[in-house]
Structures are given as structure tokens and as C-alpha cells.
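Structure assessment
Below, each chain spelled out in residue letters.
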Amino acid sequence: MDPMDTPYDVVIVGAGMAGALCACRIKTAKPQARILLMDVGDNGLDEGQRAAFVDAYQVSASKSVPSPYASLPNNRLGYGASSDGTGDPVAMNRYYVETGPDLYKSGYQRMVGGSTWAWRGNTPRFLPNDFHLKTQYGVAVDWPLTYDQLESHYAAAEVELGVSGNGDEWTGLTPRSSDFPMPGIAASYGDELVRTALKDIAPIDGIPVTVLTTPQARNSQDYQGRSACQGNSSCIPICPSGAKYDASVHVLRARDELGVELRTGCTVTRLVPGADAAAPTVVFRDWTTPDKTEQQVKGAHVVLALNAIETPKLWLISNLDNRSDQVGRNLMDHLAEEVVGLFGQPVFPFRGPQSILSVETFRDGPFRRTTGAFRLTIGNDGWGRTETPGAALDKLMWDPQTKRIKLIGQELQDALAERVTRMMRIGYSTEQLPDPANRVTLSDERDALDVPRPKIAYRIDDYSKRALAYGHSVARRIWQHLEDTAGAEEVDPLQPLLKFNGAGHPMGTMRMGTDRSTSVVDASGLSHTHPNLWIVGNAVFPTGSTANPTLTCAALSLRTADALAAAL
């Protein structure tokens, strides 16, 4: 192939975690490789940019996920589905065009570094059984690879992201070939009170309630030039210190240390299939220029490192081969809810990361034949989405029925201190099976970059509804134990509501598999139908497990990068 026709060996579209990690891995293996990393975002990556995001968050009245990034085009102009997961249909439909019957509530940040700027940082691995649900439980589909085949890449991903954790707590759940790069984040004062109170809780439905330290891509000690966690409680939406990993780490490494070319402000509008064995041509507009003239770039290999919404959208816009009819299908998320209450004594939330401890024993079991599994987290952020401290202040101070002030002065201060310091939540996040009717297609409407907006059809099936009900039941019984033994009160809700929040985990839509008729890419992320076109990211997940997807996404990205580097 004439190098003049393909000035780059690899063109990577998307400078989030998957794309940046892929760029670093390939360039490290093949130092002479010419790699271009492109992203629609145009934000800075230095500490000055981080400080600006923190300042924007501090002065924002909403304190929502988008608030630090409000001035970025993805929020200001509405070409990204940025939300806090609570499901405001007006906010979600600024970018999505949702047809229901249920609202898809999870968004993302279209910026250099992607949504890892705003994630919580939790990095549990998938369980071994998560990779073969069909074989084990007769539901969904199996992955084209096993936990054991991915384990070495899990270990490598933990080193790359800087994951803290206590290996001895996880040996029975996720077999490991090596320990975590650093010890787990220390539990907060309140966490230790709750863990002590749950030491003698009886098994629920025969399943032990074991409290573990959640693995997190957050430094518990100085690591790779970044400081240890300083105890800020704003991990979502912004870490002030940079102790929590975000993809700017690998974008900067790729650009400044490895010599990868970075282009920002580039909106990829379509891919043009290449002749014979050539990879598609990448067509884009630089929206930072006055005329936004259409340009194109070629590479021997093209990697789509976008998310589970943007990847199928670009594929469909480009009219690429979809003979499997799987592009855009099987959109998933983790459905999240919480049961809140007042602990029997002050736990002093908001000191340290928002969640440090978790219960992982309900992530697997025979019940998955009929009911989705779930993780439980012990919240260190008060009542989370249920009631902020500001909302608690309003309730104590003002009676909306009589329109009269209830408390004021020292009485109000004392009541607020007594309430907020005891706030605690138990959150649960459930798995969702892939459903081909849950899909991303193209709408007739166009976004601020003159690109078709994604149209989303989404529904919650009975398997997931049963998971929400079961998650509530377990959380409620844990709270009952705390009521009986630790003086907890004001537990709410007492009955399952079957409502849910989005977890910010778009998955599926470009699934991997061995059968070309039921999948889009193979187990290495290589397209079945287009030569030298690869996909990394959560879009390739056949199923979603109960674990936060980022670590598995990172492990798969490293695996794909290794396969691509070997092909160069």
C-alpha cells in the first residue's frame, strides 16, 4: 500500500479512555507507527483547565454532572447527551430523540478525555460467569472470550489506570494473577461505623452480606506522578486534585511522550469504505475554523473509539455494511436506585470519595435465570440523588403548604447538623439484558454540528424490573438490621418503586461475537465486514454484567491494541 495514500498507520477516532489507551499501547509496541488521535472536543488538559472546571462547579447552583463543563460546546450547544442520570426528559432530548416507551437516562461528555473527567472511578472486574450467561443460566448470550482469556489484560489495565484495591478481599470473586497496583482507599469514619454494624448481619436468602473495599482508579498513594486522594467528595463530577484517573493521563502521554499526533475540534461526519483491503477514509470537519470545511484523512487501520451511542450513529450515517442488522441494537445501561435513612449516630458524610465500600455477593447466583443481579454500594455522599443537603435545609426551614417558615437561627442550624450528619444511603445497580428492540438509529433532526441526532428506542423488561425489586428488598433488609441494632430511622422508600436512575454506562450496540450474522466485530474488535476497521469501547459488550464497565473496557482496548499492533 502506498504510504502517500495512507499517511497514518492508525487513525483513532475518539480521545477518551479507550482511544487514548489504545494509542499509547500501539505506539509503545510499534514506536515507528504513525498514529493520529482525533476528538470532537477542544478542551485543555493541563492543571489550569482542571482548575477552571473546579471553579465552574463551585459557583454553579445546580451542582450537577454537566456543571463543571457547562461552557464546553457539548453542553452549551447541545451536541452531547450530558445529564446527571436522573432522567429529565427535556435535558435528555436536547440531544437524543427518544421514542420510549421508557426514557434512556444516561449521557456522556463529548470532550478530550471523555466521560472519565466526570466518572466516580469504581473499577470492579466482571465476574467469570458474566462472560457466559447463556451457557450458565440460559439467558442473553455468551461472550466470544472468557474471564481467563481477559485476565492478563485486566491486570494490565489496573496498572495503566492506577487501581487501588485489597486483593485478599476479591480472590473468591475475581481470580487474580497479581495484586492491585496499590492498597485500597481507606474507609471513612462513617464507613467504618456501618461496616461494624453489619458484621453480625445474617445472610439474606442464604447469601452472606459481605462488605468489601471497592476497587477504584483513584490513588491511595502517589502514583505515576499523581498525588494520593485528598478526600474531596466531588469525584462525580470533577476531581480537584487529579488523584482520580481520567483519560487526560493517556492523551498527554500519547502526545507528549510517545509522539502521537493529536487533533481536537474534529467532528467526524462519515466514513467512506476503502477499495479492496483498505480501511475506510475518515471525513471530518474542524468546527473551530470559520468555514468548517470538510476534510479527510486516511490510515492503514481505523479505530472507532467512541461510545455505545456515537459509534452506531457514525456507522449508520456512513451507510457501512450492516448485513447482520446488529448495528445500534442491544443498547444497555445499569439501572440504579437507592434506599436512604438516618444512621443511629453521626456518620459525617461528604468526607472522602462518594463510595468506598460495597456488597458484591448478589452479583451472581442461580436467581439470574429469572432475575437480574446487582451490586450494592454504601454511600458516603449523604442521601445522594434522593435529597441533597440544600434540599434538607429547605425542608427544615420552609413549609410549602402553609407558606410559613418552620425553623430559623440556631434551631435551624442544630436541626440541619443533626440530620445531615446522619444521612446514609445504600445504592443498588442492576444488570440489564441485551434487547434488540433497545436501539440507536438516526433521527431526522440535526445537532449544532449539522450531524443527525441519535434516535433512541428503549424499554425496561421484566427481568430488569425484577432486579430492581430484588435490589430494593435486599437493601431494605440491610436497613432493617441497622434499625434493629444501630438505631437507624426514616428509611425510605419502604416498598420498591421500580423507578430507576441512569448509571452513565451506555453499553452494547456493536457487539462482539464469532457469528457474523449476530455480531458486528470479532473477539479482537475487528469488523466482520470492513477490512482494518476496529472498534473499542463499551459498544462491543455482548452483555453488561453488574460491574462499572470502564475497567473491562480498558482491558478490551488493550487486547484490541495488541492485535492491531501485531497486524502492523
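Just so it is clear, the structure is predicted and the values come from calculations on it, not from any experiment.

On to the overall build of the protein. Broken down by element type, the protein carries 13 helices and 20 strands. Here the protein has a C-alpha radius of gyration of 23 Å; the compact-globule value for 568 residues is 24 Å, and the two agree. Judged by the C-alpha coordinates and their principal axes, the protein covers about 75 × 50 × 45 Å. The burial tally for the protein puts 59% of its 568 residues in the buried class. Pairs at least 24 residues apart make up 73% of the contacts formed inside the protein by residues separated by at least 6 positions.

Strand order in the open sheet made by the three strands is E6-E7-E8, with antiparallel pairing throughout. Since the sheet does not close on itself, it has two edges, and those belong to strand E6 (266-272) and strand E8 (294-297), each with one partner. Strand-to-strand, the axes of this sheet are offset by a mean angle of 30 degrees, without reference to chain direction.

Glancing now at the packing of aromatic side chains. In the structure shown here, the tally under the stated rule is 19 aromatic pairs. With 5.8 Å between their ring centres and 80 degrees between their planes, Phe126 and Trp143 make a pair best called edge-to-face. Within this pair, whereas Phe126 is found in the loop between strand E3 (97-101) and helix H5 (133-137), its partner Trp143 is found in the loop between H5 and helix H6 (147-161), the two being separated by 17 residues in sequence. Residue classification places Trp143 among the buried residues on the basis of a relative accessible area of 6%. Linked through ring pairs, Phe126, Phe131, Trp143, Tyr147, Tyr154 and Phe541 together constitute an aromatic cluster.

Turning to the packing of helix H10 (residues 389-397) against helix H11 (residues 409-420), a few remarks are in order. Two quantities define a packed helix pair, namely the angle between the helix axes and the distance between the axes. Axis separation between H10 and H11 bottoms out at 10 Å; the angle between their running directions is 135 degrees. The pairing of H10 with H11 is recorded here as oblique in orientation. Seen from above, H10 lies across H11 with right-handed handedness. Of the residues in H11, those touching H10 at Pro389, Ala392, Leu393, Leu396 and Met397 are Leu412, Ala415, Leu416, Arg419 and Val420. Grouping the constituent residues of the contact of H10 with H11 by class yields nine nonpolar, no polar and one charged.

Let us now look at the sheet that holds strand E20 (residues 533-535). Sheet architecture is open: five strands sit in the order E5-E2-E1-E9-E20, paired in parallel fashion. Across the chains shown, the open sheet's two edge strands, defined by having one partner strand only, are strand E5 (261-263) and E20. Shown here is a sheet whose adjacent strand axes are inclined to one another by a mean of 20 degrees, direction ignored. One ladder, built from four bridges, connects strand E1 (residues 8-13) with strand E2 (residues 35-38); its direction is parallel. Across the sheet, Val11 pairs through a bridge with Leu36, a residue of E2. Here helix H13 (residues 550-567) sits on the sheet and contacts E1, strand E9 (299-304) and E20; the angle it forms with E20, its principal contact strand, is near 165 degrees.

Summarising the element assignment, Ser443 is placed in strand E16 (residues 439-446). Of the polar contacts made by the side chain of Ser443, one reaches the backbone oxygen of Glu445; its length is 3.2 Å. Within the structure, Ser443 has its side chain in polar contact with the backbone oxygen of Arg453 (distance 2.9 Å).

Right, let's get into the layout of surface pockets. Summary: where empty space remains is shown by rolling a probe the size of a single water molecule over the atoms. Its volume calculated, the second largest pocket comes out at about 310 Å³. If you go around the second largest pocket, you meet 20 residues; those closest to its centre are Glu47, Arg226, Ser248, Val249 and Leu252. Residue assignment for the lining of the second largest pocket shows that the elements contributing at least two residues are helix H2 (47-59) and helix H8 (248-257). The element that contributes the greatest number of residues to the lining of the second largest pocket is H8, accounting for six residues. When its residues are assigned to classes, the lining of the second largest pocket shows five nonpolar, six polar and nine charged.

It is worth spelling out the environment of Phe362 at this point. Tracing the sequence through the fold places Phe362 in the loop between strand E11 (355-359) and strand E12 (374-379). Separated by 101 residues in the primary sequence, Phe362 and Tyr463 place their C-alpha atoms 15 Å from one another. Once residues within four sequence positions are removed from consideration, Phe362 is found in contact with Ile204, Ile207, Pro208, Val209, Phe367, Ala373, Phe374, Leu376, Tyr470 and Val474.

Next up on the list: the state of the cysteines. Under the definition given, this model contains zero disulfides. Lacking any disulfide linkage, Cys24 is separated from the closest cysteine sulfur, that of Cys22, by 9.6 Å. Judged by relative accessible area, which is 5%, Cys24 ranks as buried.

Before going further, it helps to spend a moment on a nonpolar patch on the surface. Taken together, the side chains of Trp398, Ile405 and Ile408 make up a nonpolar region of the molecular surface, amounting to roughly 330 Å² of accessible area. Among the secondary structure elements, Trp398 is positioned in strand E13 (residues 398-399).

A separate point is the pattern of salt bridges. Enumeration according to the criterion identifies 36 salt bridges in this entry. One salt bridge connects Arg375 with Glu360, and the closest N-O pair in it is separated by 2.8 Å. Residue Arg375 is found in strand E12, and its partner Glu360 is found in the loop between E11 and E12; the two are separated by 15 residues along the sequence. Like Arg375, the residue Glu360 is buried in the burial classification. A salt bridge links Glu418 to Arg422, with the shortest nitrogen-to-oxygen separation between them at 2.4 Å.

To continue, consider the side chain of Asp381. Inspection of the secondary structure assignment puts Asp381 in the loop between E12 and H10. Engagement of the side chain of Asp381 in a polar contact is seen with the side chain of Arg425, the distance being 2.7 Å. Beyond its immediate sequence surroundings of up to four residues, Asp381 is in contact with Arg120, Pro349, Phe350, Gln354 and Arg425.

It is worth spelling out the nonpolar core at this point. Proteins that are soluble and globular tend to have nonpolar side chains buried together. One finds Ile12, Met38, Val282, Leu304 and Trp315 to be the most contacted residues of the largest nonpolar core, which totals 93 residues. If one sorts the elements of this core by residue count, H13 sits on top with nine residues. Not counting the four nearest positions on each side in its chain, Ile12 is found in contact with Gly19, Cys22, Ala23, Ile35, Leu36, Leu37, Met38, Val303 and Ala305.

Turning our attention to unusual backbone geometry. Note that the residue after Gly100, namely Pro101, is joined by a cis bond; omega there is 5 degrees. Relative to the elements of secondary structure, Pro101 occurs in strand E3. The omega angle of the peptide bond from Ile236 to Pro237 is 15 degrees, so this bond is cis rather than trans. Looking at the secondary structure, you find Pro237 in the loop between strand E4 (211-213) and H8. Although it is not a glycine, Lys63 adopts a positive phi angle of roughly 55 degrees. Structurally, Lys63 is set in the loop between H2 and helix H3 (73-76). A positive phi angle, near 60 degrees, is found at Asp325, a position not held by glycine.

The rules behind each value
Residues numbered from 1 in each chain as written. Predicted model: local features only at pLDDT ≥ 70, side-chain atom pairs only at ≥ 80, totals over all residues. Heavy atoms only, no water. Helix = DSSP H or I, 4+ residues; strand = E, 2+ residues; numbered from the N terminus. Rg over C-alpha atoms; globule rule 2.2 N^0.38 Å. Buried < 20%, exposed > 50% of the residue type's maximum accessible area, 1.4 Å probe, protein only. Contact = heavy atoms within 4.5 Å. Pairing = 2+ DSSP bridges. Axes fitted to C-alpha atoms, helices over the stretch in contact; angles between N-to-C directions. Phe/Tyr/Trp six-rings, centres within 6.5 Å; stacked < 30°, edge-to-face > 60°. Parallel < 35°, antiparallel > 145°, perpendicular 65-115°, else oblique. Left-handed = near helix turned anticlockwise from the far one by under 90°. Nonpolar A, V, L, I, M, F, W, Y, C, P; charged D, E, K, R; others polar. Polar contact = N/O pair within 3.5 Å; in protein donor to acceptor, adjacent residues only side chain to side chain. 1 Å grid on protein atoms, 1.4 Å probe; cavity = no way out; pocket = protein on both sides within 12 Å on 5 of 7 lines; lining within 4 Å. Points joined across faces, edges and corners; volume = space filled by probe spheres on them. Disulfide = S-S within 2.5 Å. Patch = residues over 30% accessible without salt bridge, like charges linked within 9 Å, V, L, I, M, F, W, Y side chains within 5 Å. Areas by Shrake-Rupley, 256 points an atom, 1.4 Å probe, with all protein chains shown as cover. Salt bridge = Lys/Arg side-chain N within 4 Å of Asp/Glu carboxyl O. Core = buried A, V, L, I, M, F, W, Y, C linked by side-chain atoms within 4.5 Å.

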